[in-house]
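Structure at a glance
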Amino acid sequence: MPSEKKMTDKQRKLTSATELRKYTQEIWLAGLGAFSRAEEEGGKLFDSLVKVGEELESKTRDIADNTVETVVEARDKVLEKASDTREKVERAFDDRLAAALGRLGIPSQREIEAVNQRLDTLTQVLQQLTDQMRQNQQK
């Protein structure tokens, strides 16, 4: 019996080695098949990925352009409102300052200009009168 047992162990080892070779061969063939398939379909997959990328870039660019336009429009509206508000504040300040100066008896720019015009007119009249008086004295 011991010899049968040895034979069985030897046969098992041979069977194991044969199975290992067979399994190794299958792994090798599967690897070659995968490499071949990847080589064939890799170009198609790459082209497909490029196409998807181009479509995504186009959509993203459209979204970005629309967003930029929206932001620019919003900025313009804010600047316009800020400008309008600044002008209103300036007018209110000018009106209140003029009212305060008026209460204090300080003349406005228009009043000073009117007085200056009257002074210019009076200066001209005085000059004419002076010229006439000189002419009358020389006669």
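Everything that follows concerns the structure shown earlier in this document.
This report concerns the structure included in the present document. The structure displayed is predicted, hence computed values, not measured ones.

Rules used throughout
Residues numbered from 1 in each chain as written. Predicted model: local features only at pLDDT ≥ 70, side-chain atom pairs only at ≥ 80, totals over all residues. Heavy atoms only, no water. Helix = DSSP H or I, 4+ residues; strand = E, 2+ residues; numbered from the N terminus. Buried < 20%, exposed > 50% of the residue type's maximum accessible area, 1.4 Å probe, protein only. Areas by Shrake-Rupley, 256 points an atom, 1.4 Å probe, with all protein chains shown as cover. Salt bridge = Lys/Arg side-chain N within 4 Å of Asp/Glu carboxyl O. Patch = residues over 30% accessible without salt bridge, like charges linked within 9 Å, V, L, I, M, F, W, Y side chains within 5 Å. Lys, Arg positive; Asp, Glu negative; His and termini not counted. Charge placed at Lys NZ, Arg CZ, Asp CG, Glu CD.

**Overview of the overall build of the protein chain**
The helix and strand tally for the protein chain stands at two helices and zero strands. Within the protein chain, the proportion of its 139 residues that are buried is 0%. For the protein chain, the exposed surface amounts to about 13600 Å²; the carbon and sulfur share of it is 58%.

**Thoughts on the pattern of salt bridges**
For the coordinates displayed, the defined rule picks out four salt bridges. Its salt-bridge partner being Arg61, residue Glu57 comes within 3.2 Å of it at the nearest N-O pair. Here Glu57 pairs with Arg61, and both are found in helix α1 (residues 2-104), just four residues apart, close to one helical turn. In this structure Glu57 comes out as partly exposed when scored by relative accessible area, which is 45%. Its salt-bridge partner being Glu87, residue Arg91 comes within 4.0 Å of it at the nearest N-O pair. In this pair, Arg91 and Glu87 both sit in helix α1, four residues apart, roughly one turn of the helix.

**Some thoughts on a negative patch on the surface**
A grouping of Asp62, Asp65, Glu69 and Glu73 is seen on the molecular surface, where their side chains present a negatively charged patch. Within the secondary structure, Glu73 is located in helix α1.

**Focus: a nonpolar patch on the surface**
Where nonpolar side chains cluster on the molecular surface, the patch consists of Trp28, Leu29 and Leu32 and spans about 330 Å² of accessible area. Within the fold, Leu29 resides in helix α1. Its relative accessible area of 47% is what places Leu29 among the partly exposed residues.

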